Amino acid sequence: MRYGHFDDEAREYVITTPHTPYPWINYLGSEQFFSLLSHQAGGYSFYRDAKMRRLTRYRYNNIPADAGGRYLYVNDGGDVWTPSWLPVKADLDHFEARHGLGYSTITGERGGVRVETLFFVPVGENAEVQKVTVTNTSDSYKSLTLFSFVEFCLWNAQDDQTNYQRNLSIGEVEVEQESPHGSAIYHRTEYRERRDHYAVFAVNTQAEGFDTDRDTFVGAYNSLGEAAVPLKGESANSVASGWYPIGSHSVAVSLAPGESRELVYVLGYVENPDEEKWADEAKQVVNKERAHALLSRFATSEQTDAAFAALKDYWTDLLSTYSVSSNDEKLDRMVNIWNQYQCMVTFNMSRSASFFETGIGRGMGFRDSNQDLLGFVHLIPERARERIIDIASTQFADGSAYHQYQPLTKRGNNDIGSGFNDDPLWLIAGTAAYIKETGDFSILDEPVPFDNEPGSEVPLFEHLTRSFEFTVTHRGPHGLPLIGRADWNDCLNLNCFSTTPGESFQTTENQAGGVAESTFIAAQFVLYGEQYAELAARRGLADVADRARGHVAEMRDALLTDGWDGSWFLRAYDYYGNPIGTDAHDEGKIWIEPQGFAVMAGVGVGEGPQDTDAPAIKALDSVNEMLATDHGMVLQYPAYTTYQVHMGEVSTYPPGYKENGGIFCHNNPWVIIAETVVGRGARAFDYYKRITPAYREDISDVHRLEPYVYAQMIAGKEAVRHGEAKNSWLTGTAAWNFVTVSQYLLGVRPEYDGLVVDPQIGPDVPSFTVTRVARGATYEITVTNSGTDGSRGRLVVDGTPVEGNLVPYAPAGSTVRVDVTL
């Protein structure tokens, strides 16, 4: 069952009913100001940090699920409704929500009145702009009143939800009914004392009235769906003093049949230097110069339309870096539009703010952000460079790192701490991907501090060395890396031993040990240790490179001996030195992570798809037999049915959910890449389609979440609701699946000296053309594909056959034509 459809030409997903199985959202903004927006106008806005600079409130864990947003009430002669359906829930004659790249439109029609609102964050602005078009579709004259609504958050979203004894007394606003560009409301809570920022909510016309006090606007004991002021049809002109500050303007609209009127609302964030905070000597009136300048840029519909056009052009330019044209429209739309778009969102948000993450508990992940770079670096390399420096600056001198840092301060998050032993190696992964994309080796010489401590700066390459050496010096009895608090799987907590309710599995170590080991980190070390060695060699450090490759070879051997269970790779060794992920156990026999990552790293690959004795083939065949389902590959099988205190959180989930036998989509791409490594493109592409949202659109009633972006998790085969997704948008699946499809299935990936062209996608896509811009040159790569397992492409570059699969980088501005035959 579908609830809408893709509009590929417009690069939009069109939702045709408000009654989707779950709120389907979009993200507005790609720089510093962001908004989360559901198809029912729910969500919230923030500047840089969803915890510390939140402009508007949103209520998670609520009934209904999507409670709070930016609403527009229509009072049409006493008939009160909302074009977004929520919160009033009056029946609509027509509803449509279009989610595009950095913008959304929501259209509702009732009783001969059509209201369309375009929401977007303009490029270069710290504001959400809402352009409202009201049209009289009836044969009669219409006299309406519109009531806007936003509820201001008191900036610190965590304190806002907890410290009511203070917060209900500090709310302050200013109202400017006759601003230079209409009417404006200013949220200035704590501005008198400690803050240099305020929010403005304005409309580009003279409002009939306003409200800034929530209790007055909504009414005692009412919900937003029965708000008193819209029902009465007249603003109360309330001024908040403490309690709950809001922003609402009432605008009268009179329309002849067929006539339309346009309004522009702006929700903005403004900072003033301390010496420029006030407009008067008594320090009572906020300096509004910067706010007026912001509002002046959207004072007319024409200005707003121009800013929207610039946003669309911005995305057209970004998406021109990589595109594909094939016989599979679902493949094309994911590669050309939605997967790359989601990569931008995960780069900006990490895992901090979605409809499943409140934006309060998590910041930017060290591991997460490095992986997000992999799918983003081709879009805006200079921002990737900045992010790498930010991440590396939170590393400790011993090579370990804070697991997360706050985006506003760029300081490590002590609430989460460190000790996740896979973290250091991801810095090598992100840095290597950036250099392959750009050729900018100078980043390795960039001075970067440890723990953001001034005076501790060393070249970035030294940070990579500390990352590499941390794993070398933290190995256990089998020569495999110690797991620490956890590895990539945050829920595999082999030193926690928690029996206390509420105790954090990730930050608690009740039995310190130097025994518990991770085969995943071992595979990671083989892959990224080799990349570190290559960077060392290219810096002329032959001895360093040789030593590093020696350690990599040792780890490769350890994986094939003490990390091997006969038909697949073990997952770990526990605190007592016993194996996890072995056929000897009734539950948790086989885990997905090392099967994919080890083969990605080239461990045990053998001579190709027919080499059935090769460990890689055995491991991948075991995955297909035991982990694969129609909805993707589960994380381990069988799932755990009892709490395994020596393993931690992984066994606390019901069977089939999350890390306990769920389809954790993030690691499915590792197996897909692994299948291309051994030359089995058909199986790789089949796996790809099982978790990719565009291919799941027809089962939206089962999947439930957005059919245009990846989810973190899909319920596994032992779950009650197998195939149901959770945690959409903010997942490493976005970056990894773009790497998978663009670099391995379609087979065009940047290396240090050129593009490797090595497609492996099977017979379902008999031909396709990839257009790839790399280092200023354009490569037009046309593939004729037999789909035969093990077949590798033969390349003709600009009419000349070449040996191998490397196409050297061409001068910027040139066009290179590559013909590939499999």
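All values derive from a computational prediction rather than experimental measurement. (Residues numbered from 1 in each chain as written. Predicted model: local features only at pLDDT ≥ 70, side-chain atom pairs only at ≥ 80, totals over all residues. Heavy atoms only, no water.)

Before we go on, may I ask you to explain the overall build of the protein in this structure?
Along the protein, the regular secondary structure elements total 20 helices and 42 strands. Relative to its length of 822 residues, the protein is compact, with a C-alpha radius of gyration of 28 Å against a globular reference of 28 Å. Along the longest, intermediate and shortest principal axes, the C-alpha atoms of the protein span 80 × 60 × 50 Å. For the protein, the residues scored as buried account for 64% of the 822 residues in total. Within the structure as shown, the protein displays about 27600 Å² of accessible surface, and the carbon and sulfur contribution to it stands at 46%. Charged side chains of the protein number 67 positive and 111 negative; the gap between the two group centres comes to 1 Å. (Helix = DSSP H or I, 4+ residues; strand = E, 2+ residues; numbered from the N terminus. Rg over C-alpha atoms; globule rule 2.2 N^0.38 Å. Buried < 20%, exposed > 50% of the residue type's maximum accessible area, 1.4 Å probe, protein only. Areas by Shrake-Rupley, 256 points an atom, 1.4 Å probe, with all protein chains shown as cover. Lys, Arg positive; Asp, Glu negative; His and termini not counted. Charge placed at Lys NZ, Arg CZ, Asp CG, Glu CD.)

Is there a simple way to explain the environment of Leu-822 in this structure?
Mapped onto the elements, Leu-822 comes out in the segment after β42 (815–821). You can call Leu-822 buried: its relative accessible area is 12%. Measuring from C-alpha to C-alpha, the distance between Leu-822 and Tyr-637 comes to 36 Å, with 185 residues separating the pair along the chain. Discounting chain neighbours no more than four positions away, the residues touching Leu-822 are Pro-759, Gln-760, Val-783, Thr-784, Asn-785, Ser-786, Ser-791, Arg-792 and Gly-793. (Contact = heavy atoms within 4.5 Å.)

Explanation requested: the pairing of strand β10 (residues 103–110) in the structure shown.
Walk down a regular strand and you will see the side chains alternate between the two sheet faces. Within β10, seven of the eight residues are buried, which leaves it mostly tucked inside the rest of the structure. As defined by bridge partners, strand β9 (residues 94–99) adjoins β10 across six bridges and the pair is classed as antiparallel. Opposite Arg-98, over in β10, you have Thr-105 as the bridge partner. Between β9 and β10, which follow one another and run antiparallel, lie three residues, and Gly-102 among them has a positive phi close to 85 degrees. Judged from the eight bridges that link them, β10 and strand β11 (residues 113–120) form a sheet pairing that is antiparallel. By the bridge assignment for β11, Ile-106 is matched with Thr-117. In this antiparallel pair of consecutive strands, β10 and β11, the connection spans two residues, and Gly-111 shows a positive phi of 55 degrees. (Pairing = 2+ DSSP bridges.)

Honestly, the nonpolar core in this entry has me stumped. Any pointers?
If you look at soluble globular proteins, the nonpolar side chains tend to sit buried side by side. Membership of the largest hydrophobic core comes to 255 residues, with the highest contact counts inside it found for Leu-331, Phe-597, Tyr-688, Trp-736, Leu-746 and Tyr-779. When residues of this core are assigned to their parent elements, the largest contribution, 12 residues, is made by helix α12 (residues 519–538). Sequence-distant contacts of Tyr-779, defined by excluding residues within four places in its chain, comprise Leu-755, Val-770, Thr-771, Arg-772, Ala-774, Val-807, Pro-808, Tyr-809, Ala-810 and Val-816. (Core = buried A, V, L, I, M, F, W, Y, C linked by side-chain atoms within 4.5 Å.)

How should I be thinking about helix α5 (residues 289–296) in this particular structure?
Helical geometry: 3.6 residues make up each α-helical turn, so side chains three or four residues apart lie on a common side. Buried residues of α5: Ala-291, His-292, Leu-294 and Leu-295, and no others. Seen from one end, α5 has its buried residues packed into an arc of 160 degrees, which puts them on one side. (Arc of directions from axis to C-beta.)

How should I be thinking about α12 in this particular structure?
Given a rise of 1.5 Å per residue, 20 residues ought to cover 28 Å, and the 29 Å separating the end C-alpha atoms of α12 matches this to within 8%. At Val-526, α12 shows its largest bend, some 25 degrees. The opening residue of α12 is Ser-518, an N-cap whose side-chain oxygen sits 3.2 Å from the backbone nitrogen of Phe-520. Two residues or fewer after α12 comes Gly-540, characterised by a positive phi angle close to 80 degrees. (Expected span 1.5 Å × (residues − 1). Bend = angle between axes of the 7 residues up to and from the residue. Polar contact = N/O pair within 3.5 Å; in protein donor to acceptor, adjacent residues only side chain to side chain.)

Looking at this structure, I do not really get the packing of aromatic side chains. What am I missing?
Pairs of aromatic rings are described using the distance from one ring centre to the other and the angle between the two planes. Going through the model one piece at a time under the given rule, you end up with 56 aromatic pairs. Taken together, a centroid distance of 5.9 Å and an interplanar angle of 85 degrees make the contact between Tyr-3 and Trp-24 edge-to-face. With a gap of 21 residues between them, Tyr-3 in the segment before β1 (4–7) and Trp-24 in the loop between β2 (12–15) and β3 (25–28) connect regions that are remote in the sequence. Taken as a pair, Tyr-3 and Trp-24 share a single burial class, namely buried. Geometrically, the ring pair formed by Trp-338 and Tyr-708 is tilted, given 5.1 Å between the ring centres and 50 degrees between the ring planes. Pair noted here: Trp-338 is in helix α7 (residues 329–349) and Tyr-708 is in the loop between α19 (700–703) and β33 (711–714), with a separation of 370 residues, a long-range link. The ring of Tyr-637 is capped by Lys-717, whose NZ or CZ atom sits 3.9 Å from the centre of that ring. (Phe/Tyr/Trp six-rings, centres within 6.5 Å; stacked < 30°, edge-to-face > 60°. Lys NZ or Arg CZ within 6 Å of the ring centre and 35° of its normal.)

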